[in-house]
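For reference, the chains in residue letters:
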Amino acid sequence: MTLQQSALPIVIVATPLVASFLLPLVGWWRREAAYPVFLGALALSAGASVAAAQAVLAEGPLAYHLGGWAPPWGIAFLIDHLAALLLTLLSGMGLAVGVFSKRSVLRELPEREVPFYTVYLLLMTGVTGMVATADMFNLYVFLEIASLTSYALVSIGSGRAVVAAFRYLVLGTVGAAFYLLAVGYLYSVAGTLNMADLAEVLPALYESNAVRVGFAFFVVGMAIKMALFPVHAWLPAAYAHAPSAVSAIVAATTTKVAAYALIRVTFFVFEPRFAVELFPVTALLGVAGAVAMVLGSVLAIAQTDLKRMLAYSSVAQVGYIVLGVGMANATALTGSVLHLVNHSVMKGCLFLAAGAILYRTGCREIVQLRHLARRMPWTAAVFSVAAFSMIGLPPFGGFFSKMYLILGAIEGEQWVFLALILLSSVLALAYFANVLRYLYVPGEAPSAAGPAGGPAAGPATTASAAAAGGDESADDRGDAPAAREGVAEAPLPMLAPLLALAAAVLLLGLLNGPIVSGFLEPVLPQGLSR
Amino acid sequence: MEGLLLQTLLVPLAGAVLGFLARGRRGRLAGWIATGAMLWTTAVVARVGVAVYGGGAPRESYLDIPPGIRLGLLADGLSYPTLAVVTLLCAALTCYSIRYVERRVSVLYGAEPEAVQARHYARFFYLLPLFPVGFAGTILSTNLVSLYFFLEVLTVALFFLMAGFGYRDRVRIAFISLAWGIVGALLFLAAALVVYAEIGSLEVDDLSRMAGNRLAGPTVALFLVGLLMKLAVVPLHVWMPSVHAEHPTCIAGLLAVYANLALYVVVRVLVLPLGGDFAAFGTPLMALALVTMVYGSLLTLAQTDIKRLAACSTISQVAYSVLGVGALTAAGVEGGLFFFLSHIMGKTVFFSTAGIVVYATRIRDMRELGGLARRMPVTAVLWLIGCMMLSGFPPFSSFAAEWLLFTGVFERGLAEGPGVVAIAIGGTTAVLLTVAYTFGAARRIFFGPLPAHLADRELTDPPWTMTVPLGVVAAASAVLGLYPAAVLDLLHSVLAAI
């Protein structure tokens, strides 16, 4: 392994950190120079992630000890197959949303783009650090960096964003505090916080109450961070009120790294038998995940605001991920990780599409989007691709993660979970079909005419209805506000990342075989039933 | 010949893409583009036929996606006749739609400028070719997940066509059909995944390894419920009448295929490889089919709406095929499939003629119609042909199909005992109801005095693009009626083992 390769972990994590310190200076010197620096840092981090993934695939895990201090004293990073996959995902999403953010930040946060870029880079440091670290305490540090920056990013939104951010802050802080408590308990009995060391020390301590209490605190803390039912209440408002780019990046990263931490600690730091048999938390997680899956979808159906609907859908999708953890067999865990990756891309893509629509039309109510596909065909197409993937249509990524989850349920003979996964897919269909129908279908039946249809439909309606005559009904005409004259397709800097993510959704489906065999199978924990 | 089967999927798709590209100023060309693509597809299918009738069974495979998913295509004696008839219908109906949709767009979107109307018009024709793609994919697939995929393609295409071009309350009804379609397909997928978990393969060819498995019974039930939802067999028929009544009439024949095609899947996925485990469901299925036949026929008799009439008739007609397949004898299954093919041809002619009446008069209520035969003779003749095709009059193929079908059902009845014989007798008498509602409607619409409100209107036969395709379909049905061996020999080559 070359020197450059072994330094990759620190390049991924530290580049955004260093750039975030430089950025205020650059912005003070010349505001328009801030964006290239911002984008350069994200691109470098993403490039390093891809290089790290290649190195891991070729030669196995990458370890890096900051300053040459070996564990247990130094700061250690370790990128194994799973972490490499996640890092590629996170820094890739960071880059895509970063490209998108230029225009939307100029519009939504005028004069404040430099602070935005700075905090955004810090968030990327936090989420990539959480994945790359090999130490439970450093994980806490990065968790707090990611959390604090996401509170800040959410709070700069409009309207009720501050209230939403405050709720997020209170609950998020509780979650982080629980995690810190868990770390304290584990340290008190194990005497180490390095994950590899812990994995060696802990099996002898599985009967210890301190370990069990610590683990329980850990699970609840992570559940709050990933907005698992019933502690999901902070998420919808935070996602709905945040600026578009923030919704996308927060949805694509923060809940995902919390889920990653859950998987990492439950199956890699502890042995699977601990959470499955000795201290059966996974059974509980399975139930919580299943309920989240159904309830999140039901609540999503009830929403009229596009971003809020996407947010509730996130609650449901987190349910899928946790359900996969809860079923605790190799197939289901594969599905869980795959769904984590897929959902990050799909939901990032959907939030960006919603952001592009907001940018061009100022509309966020679903009923206002009627026939918008006519004005913004590419955005609508990208939205459809991501929505089809969410529903679980082949050959998009979402299909395969659900397929593994279903296979996992069959393997574990968990017929109730199987039924609930299917049910939740149908519910996902219900809310996405509703949006797609508004995007694509002009006009609507008179009985279902919403408030948006009324004023726009004028004398022309009656005239055409009269002309139609007989039994063939004509509709109220006129497109909704969003599709009015003069609304154009999203500008290229917004459209390019959207198209890239839509392509990624498709590729994640077509290439799911290599992903599973390359990144997941080598690291699937021993002791899981297969 | 390499890639012929793939072409049956790609050529319509290319038509859709071209139509999409033409949607701006050249939107009005989309209809002809789609028709051209479908004629080409028909030619491709004919060339496949050369190989199949020569005793071959072309097989192609593409796109290997782990776990176990690939796009495998097979044209054997079972899939080829189905593909040939369905493709013919798709081509005929695309041509029929050229003028029909013109009228539909001007009614729905007449207030818009011409450029926008052309765009709507093109939209219909770049969605329509997704049906032949979905049908061909469903028919030819040898992999359960790709089969599922094509079932979903059909459902999604139907949703957008329905929501954009349907009649009363069309968006709500589009949602109903979408929900039923997707739930049915998802049950199918769940069953497929159970199969995968048990035998480690998603290939239809490997399904027989599932026979006798501890989960075989529940799996067959799951497959069956999913497919019966598509077939709209009582008590899973709720979606059918409204969906079939309110969609744009030009896709009526395709909708009949959409519902009925699930029966082909039943034969392909359940009857052939899992016959032993499926046998337990045979008699209940026949009972349900009988209930559906009678219920559907009575419902049809009660209709006064000309489109609803045609729609409700599909419920009972589909049930005939289900009855035959439920009998699980070679004659019953072959008859059931042959009747399926005959029915979709008959329904295309019948339903599309109903569409012509609505197109010309803009009236759907049969009580306001009458005496049209004098003004629209060609349409009247087509309607009568449609009646004969549906009721099973010689020389049309449904006669031969019913003959074979009931032979199979009685065979089973004689083997099983009086209960099944009763079902068989009930089925034969239900045929009379078909005669009643088809010819009864013919009398109402085309004969008797012309109502006053129609007398001063200009009513003529529709343009040739609407009548000629229907004539071709009727001729095809007559040929198959006079020479049924063309289909039955092929079916028998695969199904003889039952």
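Quick caveat: nothing in here was measured; it's all calculated off a predicted structure.

A. Structural view of the overall build of chain A. When helices and strands are tallied, chain A shows 22 helices and two strands. Reported as C-alpha extents along the three principal axes, the dimensions of chain A are approximately 85 × 60 × 40 Å. Evaluated residue by residue, chain A yields a buried proportion of 63% over its 530 residues. Of all intrachain contacts in chain A linking residues separated by at least 6 positions in sequence, the fraction that spans at least 24 positions is 80%. On chain A, roughly 17,400 Å² of surface is accessible, and the fraction owed to carbon and sulfur atoms is 69%. Taking the average location of the 26 positive side-chain charges in chain A and that of its 26 negative ones, the two points are 9 Å from each other.

B. How the structure looks around the pairing of strand 2 (residues 69–74) of chain B. Residues and elements named next belong to chain B. Among the six residues that make up strand 2, five are buried, leaving the element largely enclosed by the rest of the structure. One ladder, built from five bridges, connects strand 1 (residues 59–65) with strand 2; its direction is antiparallel. Looking across to strand 2, one finds that Ile-65 is bridged to Ile-69. The loop that links strand 1 with its antiparallel partner strand 2 comprises three residues; one of these, Gly-68, has a positive phi angle of about 70°.

C. Quick look at the confidence of the model for chain B. All names here are of chain B. Mean pLDDT over chain B stands at 89; residues scoring 70 or higher make up 100%. Confidence, expressed as mean pLDDT per element, reaches its minimum in chain B at helix 9 (residues 240–246) with 81 and its maximum at helix 5 (residues 130–140) with 95. Reported confidence for the predicted complex is 0.86 by ipTM and 0.89 by pTM.

D. View of the packing of helix 16 (residues 377–391) of chain A against helix 17 (residues 397–411) of chain A. All names here are of chain A. At a closest axis distance of 6 Å, the pairing of helix 16 and helix 17 adopts a crossing angle of 10°. Viewed along their axes, helix 16 and helix 17 adopt a mutual orientation that is roughly parallel. In contact with Ser-389, Met-390 and Ile-391 of helix 16, helix 17 contributes Gly-397, Gly-398, Phe-399 and Lys-402. Residue composition of the contact of helix 16 with helix 17, grouped by class: three nonpolar, three polar and one charged.

E. Main features of the packing of helix 3 (residues 34–59) of chain A against helix 5 (residues 113–132) of chain A. Residue and element names in this part refer to chain A. Relative orientation of the contacting elements helix 3 and helix 5 amounts to 10°, with a least axis distance of 10 Å. With respect to each other, helix 3 and helix 5 are oriented roughly parallel. On helix 5, the residues that touch Ala-34, Tyr-35, Phe-38, Ala-41 and Leu-42 of helix 3 are Val-114, Tyr-117, Tyr-120, Leu-121 and Met-124. In terms of residue class, the contact of helix 3 with helix 5 is built from ten nonpolar, no polar and no charged.

F. Spotlight on the interface of chain A and chain B. Contact residues are listed per partner, giving 46 residues for chain A and 46 residues for chain B. Of the roughly 3,900 Å² buried between chain A and chain B on both sides combined, carbon and sulfur atoms contribute 72%. Our enumeration of links across chain A and chain B arrives at one salt bridge. Ionic pairing is found between Glu-413 of chain A and Arg-214 of chain B, a salt bridge with its closest N-O pair at 3.0 Å. The tally of links between chain A and chain B comes to one residue pair in polar contact (both at pLDDT 80 or more). Of all the elements, helix 18 (residues 415–440) of chain A adds the most residues to the side of chain A that touches chain B, at eleven residues.

G. The arrangement of helix 5 of chain B in detail. Burial within helix 5 of chain B is extensive, with ten of its eleven residues counted as buried. Turning to helix 5 of chain B, its buried residues are Phe-131, Pro-132, Val-133, Gly-134, Phe-135, Ala-136, Gly-137, Thr-138, Ile-139 and Leu-140 of chain B.

H. Representation of a nonpolar patch on the surface in the model. Residues and elements named next belong to chain A. Residues Leu-17, Val-18, Phe-21, Leu-22 and Leu-25 make up a contiguous nonpolar surface patch of roughly 480 Å² in combined accessible area. Position of Leu-22 relative to the elements: it lies in helix 2 (residues 8–29). The exposure class of Leu-22 is partly exposed, given its relative accessible area of 43%.

I. The arrangement of the confidence of the model for chain A in detail. For chain A, mean pLDDT is 86; residues scoring 70 or higher make up 90% of the total. This model gives residues 444–478 of chain A a pLDDT under 50, and the stretch forms 61 contacts once residues within four places in sequence are excluded.

J. Focus on the environment of Leu-23 of chain A. Residues and elements named next belong to chain A. Looking at the element boundaries, Leu-23 is found in helix 2. Judged by relative accessible area, Leu-23 falls into the buried class, the value being 0%. For Leu-23 and Val-37, which are 14 residues apart along the polypeptide, the C-alpha to C-alpha distance reads 7.2 Å. Aside from chain neighbours lying at most four places away, what touches Leu-23 is Ala-34, Val-37, Phe-38, Val-114, Tyr-117, Thr-118 and Leu-121.

K. Local environment of the packing of aromatic side chains. Residue and element names in this part refer to chain A. For the structure on display, the rule yields 47 aromatic pairs over all chains. Both rings, one in Tyr-185 and one in Phe-217, keep their centres 5.9 Å apart while their planes meet at 15°; by these two values the pair is stacked. Here the residue Tyr-185 occupies a position in helix 7 (residues 161–190), and Phe-217 occupies one in helix 9 (residues 209–225), the gap between them amounting to 32 residues. In this structure Tyr-185 comes out as partly exposed when scored by relative accessible area, which is 32%. Where Tyr-206 meets Phe-270, the ring centres are 6.0 Å apart and the plane angle is 20°; that geometry is what we call stacked. Of the two residues, Tyr-206 is situated in the loop between helix 8 (195–201) and helix 9 and Phe-270 in the loop between helix 11 (244–269) and helix 12 (272–278); the sequence distance between them amounts to 64 residues. By relative accessible area, Tyr-206 is classed as buried at 2%. The class of Phe-270 is buried, set by a relative accessible area of 1%.

L. Broad picture of the side chain of Thr-361 of chain A. All names here are of chain A. By secondary structure assignment, the location of Thr-361 is in helix 15 (residues 330–361). For Thr-361, a relative accessible area of 8% translates into the label buried. A polar atom in the side chain of Thr-361 sits 2.7 Å from the backbone oxygen of Ile-357. At 3.0 Å, the side chain of Thr-361 and the backbone nitrogen of Cys-363 are in polar contact.

M. View of the state of the cysteines. With the rule as written, the count across this model stands at zero disulfides over all chains. Of the cysteine sulfurs around Cys-95 of chain B, a residue in no disulfide, the closest is that of Cys-250 of chain B, at 12 Å.

N. Highlighting the pattern of salt bridges. All names here are of chain A. All chains considered together, the criterion is met by 19 salt bridges over all chains. Measuring nitrogen to oxygen at the nearest pair gives 2.8 Å for the salt bridge that ties Arg-264 to Asp-80. Note that Arg-264 is positioned in helix 11 and Asp-80 in the loop between strand 2 (76–79) and helix 4 (81–108), a separation of 184 residues in sequence. For Arg-264, a relative accessible area of 9% gives the class buried. Overall, the relative accessible area of 8% leaves Asp-80 in the buried class. Among the charged side chains, a salt-bridge network with shared partners connects Arg-31, Glu-111 and Glu-113.

The rules behind these values
Residues numbered from 1 in each chain as written. Chains lettered and ligands numbered in written order. Predicted model: local features only at pLDDT ≥ 70, side-chain atom pairs only at ≥ 80, totals over all residues. Heavy atoms only, no water. Helix = DSSP H or I, 4+ residues; strand = E, 2+ residues; numbered from the N terminus. Buried < 20%, exposed > 50% of the residue type's maximum accessible area, 1.4 Å probe, protein only. Contact = heavy atoms within 4.5 Å. Areas by Shrake-Rupley, 256 points an atom, 1.4 Å probe, with all protein chains shown as cover. Lys, Arg positive; Asp, Glu negative; His and termini not counted. Charge placed at Lys NZ, Arg CZ, Asp CG, Glu CD. Pairing = 2+ DSSP bridges. pLDDT = per-residue confidence, 0-100. Axes fitted to C-alpha atoms, helices over the stretch in contact; angles between N-to-C directions. Parallel < 35°, antiparallel > 145°, perpendicular 65-115°, else oblique. Nonpolar A, V, L, I, M, F, W, Y, C, P; charged D, E, K, R; others polar. Buried area = accessible area lost by both parts, 1.4 Å probe. Salt bridge = Lys/Arg side-chain N within 4 Å of Asp/Glu carboxyl O. Polar contact = N/O pair within 3.5 Å; in protein donor to acceptor, adjacent residues only side chain to side chain. Patch = residues over 30% accessible without salt bridge, like charges linked within 9 Å, V, L, I, M, F, W, Y side chains within 5 Å. Phe/Tyr/Trp six-rings, centres within 6.5 Å; stacked < 30°, edge-to-face > 60°. Disulfide = S-S within 2.5 Å.

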